[in-house]
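This is what each chain is made of:
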4 protein chains.
Amino acid sequence: MVENSLSPKNFKHKYTITVRFHEVDMLGVCYNAVYINYFETARLEYAKAVGLIPPKGIFSDGKIFFIVRNEINYRGFAHHDDVLEVYSKISFIKNSSFGYDHLIVNQKSGNVIVDGKVVIVHVDLKTRKSRLLPEDFIQKVKNFEPSVKILRE
Amino acid sequence: MVENSLSPKNFKHKYTITVRFHEVDMLGVCYNAVYINYFETARLEYAKAVGLIPPKGIFSDGKIFFIVRNEINYRGFAHHDDVLEVYSKISFIKNSSFGYDHLIVNQKSGNVIVDGKVVIVHVDLKTRKSRLLPEDFIQKVKNFEPSVKILRE
Amino acid sequence: MVENSLSPKNFKHKYTITVRFHEVDMLGVCYNAVYINYFETARLEYAKAVGLIPPKGIFSDGKIFFIVRNEINYRGFAHHDDVLEVYSKISFIKNSSFGYDHLIVNQKSGNVIVDGKVVIVHVDLKTRKSRLLPEDFIQKVKNFEPSVKILRE
Amino acid sequence: MVENSLSPKNFKHKYTITVRFHEVDMLGVCYNAVYINYFETARLEYAKAVGLIPPKGIFSDGKIFFIVRNEINYRGFAHHDDVLEVYSKISFIKNSSFGYDHLIVNQKSGNVIVDGKVVIVHVDLKTRKSRLLPEDFIQKVKNFEPSVKILRE
């Protein structure tokens, strides 16, 4: 039985990506670090869908975000030209940081390839110190992802 | 006070790497997934030092290894041309898998940039199923890294 | 006035690609080597359209191809999330090698970003020596791209 | 007989680089676009040796350079962990642009792996238009590379 968190049913947002030739390693499978790129590309599409990306592009509003943690579990292999479904959701929001859950499934077979969690912090452009997430950020996420856990102190 | 695991003193093996231009992202810092490459490059040097790489190169002896988990915490920034010290050690060995601890420190400032843990599984070339780690693998690691935890069942 | 070869009108095959975050460098523009990846990804889609990719994926029929030359001219900048149209065509076929022309245009502005030429050689899997291109390869390309120049000796 | 330009004897500056695991493709050889990165990494070391990099790092003096052309010929293969010697020199200087020649040789075998030429333009940070190369740039290059051709109009 598949863990609950490893089912696409728990995700609303899907982004489809195809494994490119240069992303495959000498063992003939998608290289392990490439999934970090896939998570990120999907995450930025998610952020667009939620309304978090300003019209002139990321960072154009002076809001800077840095990744503070990446974790990823490899549960299967992907090969050149495989079509992958990358699922994303914001799972929690703290004072200045928030977390994403990701899941990647092979479109054809339905097999789980990887899953992961990413933690991101809102940072002040000048001081590079963490900064409170604004209220409208939380509202937008709540609207899109009602199950998000608000863990503010 | 720095966590014990975040001190270079806990590591015997060091590999020095310099941040390349194409590894820096649009925020001017080393891109988050690049550290996964650094861990890997350092790990293969570690494996050489331990005597785990066959003379004709990785996989030439039919022993295949896949990563099953990557985790990484970002604690600082690295910039173009920064010299980084990548510390590695095998921290535990199970039946068919084993784990690495990694730490990356800026050579000039001594600041911790990232730390991470990687779990790797020994896999049969044909079946792609996990496979018992051979006894000489364990001996070689013990010789090089006496503190390794043997967690065999 | 734009050079003839720099107009999308000279191309039949178009592949659309979006600039990803990790493909942007510290100057805020798509990194120069990334376009080589875009050419390649588009080229493999082109080869599919022409009928050159075997059903089980590239190389599964034992036909190996290596790049012998890449050239690329940078005529504009692309930024994160820009949608790019990558145009490709096989322009000539020699005994064992053939050439591609590529052009990349910003979808929104119509501006030419880069153009390039790639030469590829058909190689024997075992000897790694160049090998005559089979007749059906030439026929398939001629069918798809009637303007291709056949330069066989 | 090897072409004159394909001999390391024609180069004064050498930078040594080792092929990393993630730089190898599914054919088991160093991926074609990776050599563009190697050229660049070597070129920035060359620029340091010539005295062209400001003490606080590239671009810190407001001088921006963009690549306008890359060309590369593949003459051999490199594999994981191969040690490569990357040779670089500035071959010509025009009004606002200048050109590099590169050559990569396998350290062990002495075989030429790739050669290439890169053209770079000096650009104004604000207007992104080409800008005359300053006189001290030319002097520094001439001092380091007496054979450089000055092609100013």
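What you are looking at is a predicted structure, and each value in this text was computed from that prediction instead of being measured.

Novice: Looking at this structure, how should I read the packing of helix H1 (residues 34-50) of chain B against helix H2 (residues 135-144) of chain B?
Specialist: Relative orientation and spacing of two packed helices are given, respectively, by the angle between their axes and the distance between those axes. Residues and elements named next belong to chain B. Contact pair H1 / H2: the axes reach a minimum separation of 9 Å and the direction vectors enclose 95 degrees. The orientation of H1 relative to H2 falls into the category roughly perpendicular. Note on element contacts: H2 touches H1 through Lys140, Val141 and Phe144, opposite Tyr46, Ala49 and Val50. Here the residues of the contact of H1 with H2 are counted per class, giving five nonpolar, no polar and one charged.

Novice: Help me out: how do you make sense of the relation of the copies chain C and chain D in this one?
Specialist: These two copies of the chain differ by a rotation about an axis and a displacement along the same axis. Rotating chain C by 180 degrees and translating it 0.0 Å along the rotation axis places it on chain D, where the RMSD comes to 0.0 Å. Both copies of the chain, as the preceding transformation shows, are related through a two-fold rotation axis. Among all residues of chain C, the minimum C-alpha distance to the rotation axis is found for Glu71(C), at 2.1 Å.

Novice: Explanation requested: the environment of Ile150(D) in the structure shown.
Specialist: Residue and element names in this part refer to chain D. For isoleucine 150, the location among the structural elements is in strand E6 (residues 149-150). The sequence separation of isoleucine 150 and lysine 126 amounts to 24 residues, and the corresponding C-alpha distance is 27 Å. Filtering out sequence-adjacent residues up to four positions away, isoleucine 150 remains in contact with Ile93, Ile138 and Lys142.

Novice: Before we go on, may I ask you to explain the relation of the copies chain B and chain A in this structure?
Specialist: Mapping chain B onto chain A calls for a screw motion: a turn of 180 degrees about the axis and a shift of 0.0 Å along it, with 0.0 Å RMSD after fitting. When the interface residues of chain B are mapped onto chain A, 100% of them again fall at the interface, so both copies present the same face.

Novice: In this structure, what is going on with the interface of chain C and chain D? I would like to understand it.
Specialist: Size of an interface, as often reported, equals the accessible area lost when the parts are brought together. Taken together, the 25 residues of chain C in the interface contact 25 residues of chain D. The largest share of the area that chain C buries against chain D comes from Leu27(C), Tyr74(C) and Phe77(C), three residues that together contribute 23% of it. Between Arg69(D) and Glu71(C) there is a salt bridge, with the nearest N and O atoms lying 3.2 Å from each other. At the boundary of chain C and chain D, one finds 18 residue pairs in polar contact (both at pLDDT 80 or more). Of all the elements in the fold, those that place two or more residues in the side of chain C that touches chain D are helix H1 (34-50) and strand E2 (64-74) of chain C. Of all the elements, E2(C) adds the most residues to the side of chain C that touches chain D, at eleven residues. Of the residues contributing to the side of chain C that touches chain D, the split by class is 16 nonpolar, five polar and four charged.

Novice: Help me out: how do you make sense of the packing of aromatic side chains in this one?
Specialist: Working definition: an aromatic ring pair is given by the centre-to-centre distance plus the angle between the planes. In total, this model carries 48 aromatic pairs over all chains according to the counting rule given. Relative to Phe77(D), the ring of Phe66(C) has its centre 4.5 Å away and its plane inclined at 55 degrees; by these criteria the two rings are tilted. Of the two residues, Phe66(C) sits in strand E2 while Phe77(D) sits in the loop between strand E2 (64-74) and strand E3 (83-93), which places them in two different chains. One aromatic cluster in this structure is built from Tyr46(A), Phe65(A), Phe98(A), Tyr100(A), Phe137(A) and Phe144(A). Positioned above the aromatic ring of Phe11(C), the side-chain terminus of Lys89(C) is 5.2 Å from the ring centre.

Novice: In this structure, what is going on with helix H2 (residues 135-144) of chain A? I would like to understand it.
Specialist: All names here are of chain A. Along H2, the residues classified as buried are Phe137, Ile138, Val141 and Phe144. Projected onto a plane normal to the axis of H2, the buried residues spread over an arc of 135 degrees and lie on a single side. For H2, the exposed residues lying more than 90 degrees away from the buried face are Glu135 and Asn143. Residues of H2 that are buried in the fold lie against strand E1 (13-18), helix H1 (34-50), strand E2 (64-74), strand E3 (83-93), strand E4 (97-106) and strand E6 (149-150).

The rules behind each value
- Residues numbered from 1 in each chain as written.
- Chains lettered and ligands numbered in written order.
- Predicted model: local features only at pLDDT ≥ 70, side-chain atom pairs only at ≥ 80, totals over all residues.
- Heavy atoms only, no water.
- Axes fitted to C-alpha atoms, helices over the stretch in contact; angles between N-to-C directions.
- Helix = DSSP H or I, 4+ residues; strand = E, 2+ residues; numbered from the N terminus.
- Parallel < 35°, antiparallel > 145°, perpendicular 65-115°, else oblique.
- Contact = heavy atoms within 4.5 Å.
- Nonpolar A, V, L, I, M, F, W, Y, C, P; charged D, E, K, R; others polar.
- Least-squares fit on C-alpha atoms with pLDDT ≥ 70 in both.
- Buried area = accessible area lost by both parts, 1.4 Å probe.
- Salt bridge = Lys/Arg side-chain N within 4 Å of Asp/Glu carboxyl O.
- Polar contact = N/O pair within 3.5 Å; in protein donor to acceptor, adjacent residues only side chain to side chain.
- Phe/Tyr/Trp six-rings, centres within 6.5 Å; stacked < 30°, edge-to-face > 60°.
- Lys NZ or Arg CZ within 6 Å of the ring centre and 35° of its normal.
- Buried < 20%, exposed > 50% of the residue type's maximum accessible area, 1.4 Å probe, protein only.
- Arc of directions from axis to C-beta.

The quantities given are spatial measurements derived from coordinates; they are silent on function.
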